[in-house]
Amino acid sequence: MRLPFLLLLSSWLLFAFALAAKPVPSFRFAGQLVAPGQKLSVLLPVTDGRDSTVIPVTVFHGRQPGPVLGIIAGVHGYEYPPIIAAQQLAQTLDPAQLSGTVLLVHLANVPAFLGRRLQVNPQDNKNLNRVFPGRADGTITERLAWRLSNDIIGRCTHVIDVHAGDANEDLRPYAGYYEYTGTPALSAQGRQMAAALGFPYVVQFGNEPSLQEASMYCSREAIKRGIPAVDIECGRFGQAEADNVAQIKQALHQLLVHLHLLPGELAPNAPYFIARRTTVSSPHTGFFYPLVKAGEFVYPGRRLGYVTDLFGRPLADIVAPVTGVVLYMTATPPTSRGEGLFSIGEVPVAARP
Ligand SMILES: [Zn+2]
């Protein structure tokens, strides 16, 4: 009895040792191999036969095994703090220090960035963050989404999509994740990732048993594939303000630590989770004059602004229907009937951080 047991034990120890010493394999990306401890920058080409573009991606492949985190910036090309934060992160992130792999999309929507266009890609006037999972045979924006879905998101174990307020939007920075009760483990992972980012507010998207419709949104494509995903919204007015860039970089670093891609201690964060948001839309077309700013607390009946016609004659007051915090809002004059003016995250008075 004794000898076979010892043999079994020694062979198990050998096996365990072999597992521990097993070198991390190279990471194959876009037909190239990235060795452990190395990085690779590539431009992924996308074309529909008429229009063309590229997606700049850097792969950081760690020396130790670990998660594959997709960091996606610039799905909206006029949202600069995420794009600048991604560029800065790419300069400092050392693949030799990583346990795992980072797929960094510097700028998902190059045509919208170069064309200085809000929300849409000027090549086909489509909003990239409304067409996921995209189509292999679609328009240029649909093909961009298809590339991101399959070449980036599909390769990841975790995903973060980073946004900001556009040129017309004032915005209070926050994180977001998807809460679907039918997939509690996936939701819990997203919730923990979102809390680790360090923002005082975390918005819960979904809030239903499961996702029934098409993914539409970049990070929701990850959820559709069972990959935990989170969002950041940080930045406003289409500006590249240094404090917003720094806040995003810090949040990304926190996420790398949370996922054990990098060593370090997580700064404690106890965010308020916002399960309900209310959109206040414009009842008229004309000029909008706001009377509050993003981040302000509002209550039912509070006057948020007013709308005039094209001659400047007052048409309507905009009034808050709920108690909460203004997450983002239109802060420039043009407005069209039915367009969203405010997104209010419902926060009870007692729960204000
Ligand atoms: Zn955006």
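Everything below is about the structure printed above this text.
Draft legend 1. Seen up close, the overall build of the protein. Secondary structure assignment for the protein yields seven helices and 22 strands. Relative to the globule expectation of 20 Å for 353 residues, the C-alpha radius of gyration of the protein, 23 Å, shows essentially globular dimensions. Taken over the C-alpha atoms alone, the protein extends approximately 95 × 55 × 40 Å along its principal axes. When contacts within the protein are restricted to residue pairs at least 6 apart in sequence, long-range pairs at least 24 apart make up 70% of them. Accessible area for the protein stands at about 16300 Å²; split by element, carbon and sulfur atoms hold 57% of it. Where the 29 positive side-chain charges of the protein centre and where its 26 negative ones centre are 4 Å apart.

Draft legend 2. Highlighting the pattern of salt bridges. Summed over all chains, the structure comprises twelve salt bridges. A single network of salt bridges, built from pairs that share partners, joins Asp170, Arg236 and Glu241.

Draft legend 3. Quick peek at the environment of Pro111. With respect to the helices, strands and loops of the structure, Pro111 is situated in helix α3 (residues 110-114). In contact with Pro111, other than residues within four places in its own chain, are Thr53, Asn121, Pro122 and Gln123.

Draft legend 4. Just a nonpolar patch on the surface, in detail. A cluster of nonpolar side chains, contributed by Phe287, Tyr289 and Leu310, occupies part of the molecular surface with about 290 Å² of accessible area. Checked against the element boundaries, Leu310 lands in the loop between β18 (303-308) and β19 (314-319).

Draft legend 5. Spotlight on the pairing of strand β15 (residues 277-281). Burial along β15 is one-sided: the face carrying Thr278 and Val280 is buried and the face carrying Arg277, Thr279 and Ser281 is not. Here β15 pairs with strand β22 (residues 340-346) via five bridges, running antiparallel. Within β22, the residue paired with Thr278 across the bridge is Ile344.

Draft legend 6. How the structure looks around the pairing of β18. Across four bridges, the pairing between strand β16 (residues 286-290) and β18 is antiparallel. From the neighbouring strand, Phe288 faces β18, where its bridge partner is Val307. In terms of strand pairing, β18 meets β19 through five bridges, oriented antiparallel. Counted as the bridge partner of Thr308 is Pro314 from β19. As consecutive antiparallel partners, β18 and β19 are separated by five residues, and within that stretch Gly312 has a phi angle of approximately 90°, a positive value.

Draft legend 7. Molecular detail of the coordination of the zinc ion. Within the first shell, the zinc ion binds the protein through His76 (ND1), Glu79 (OE), Glu79 (OE) and His163 (ND1), at distances of 2.0 to 2.3 Å. Metal-centred angles of 57 to 149° between the four donor atoms at the zinc ion mark the site as irregular. For the zinc ion, all donor residues lie on one chain, and their spacing in sequence is H-x2-E-x83-H. Of this pair, Glu79 sits in the loop between β5 (64-73) and α2 (80-92) while His163 sits in strand β9 (residues 158-163), and the two are 84 residues apart along the sequence. For His163, a relative accessible area of 2% corresponds to the buried category.

Draft legend 8. Spotlight on the packing of aromatic side chains. Using the criterion set out here, one finds eight aromatic pairs in the structure. Relative to Phe273, the ring of Tyr177 lies with its centre 6.2 Å away and its plane at 90°, an arrangement referred to as edge-to-face. Note that Tyr177 is positioned in strand β11 (residues 174-180) and Phe273 in strand β14 (residues 272-274), a separation of 96 residues in sequence. Take Tyr177 and Phe273: they sit in the same class, and that class is buried. Relative to Tyr306, the ring of Tyr289 lies with its centre 5.1 Å away and its plane at 20°, an arrangement referred to as stacked. Here Tyr289, found in strand β16, pairs with Tyr306, found in strand β18; they are 17 residues apart in sequence, far enough to count as distant. Under the relative-accessibility criterion, Tyr289 is labelled partly exposed at 33%. The class of Tyr306 is partly exposed, set by a relative accessible area of 25%. Between the NZ or CZ atom of Arg191 and the centre of the ring of Phe273, over which it lies, the distance is 4.0 Å.

Draft legend 9. Just the sheet that holds strand β21 (residues 334-335), in detail. In space, the four strands of this open sheet follow the order β19-β18-β16-β21, with antiparallel pairing throughout. Unpaired on one side and paired on the other, β19 and β21 mark the two borders of the sheet.

Procedures and definitions
- Residues numbered from 1 in each chain as written.
- Predicted model: local features only at pLDDT ≥ 70, side-chain atom pairs only at ≥ 80, totals over all residues.
- Heavy atoms only, no water.
- Helix = DSSP H or I, 4+ residues; strand = E, 2+ residues; numbered from the N terminus.
- Rg over C-alpha atoms; globule rule 2.2 N^0.38 Å.
- Contact = heavy atoms within 4.5 Å.
- Areas by Shrake-Rupley, 256 points an atom, 1.4 Å probe, with all protein chains shown as cover.
- Lys, Arg positive; Asp, Glu negative; His and termini not counted.
- Charge placed at Lys NZ, Arg CZ, Asp CG, Glu CD.
- Salt bridge = Lys/Arg side-chain N within 4 Å of Asp/Glu carboxyl O.
- Patch = residues over 30% accessible without salt bridge, like charges linked within 9 Å, V, L, I, M, F, W, Y side chains within 5 Å.
- Buried < 20%, exposed > 50% of the residue type's maximum accessible area, 1.4 Å probe, protein only.
- Pairing = 2+ DSSP bridges.
- Donors = N, O, S within 2.8 Å, 3.2 Å for Na, K, Ca; no water.
- Tetrahedral: all angles 85-135°; square planar, octahedral: opposite > 155°, others 65-115°.
- Phe/Tyr/Trp six-rings, centres within 6.5 Å; stacked < 30°, edge-to-face > 60°.
- Lys NZ or Arg CZ within 6 Å of the ring centre and 35° of its normal.

Function cannot be read off these values alone, since they describe shape.
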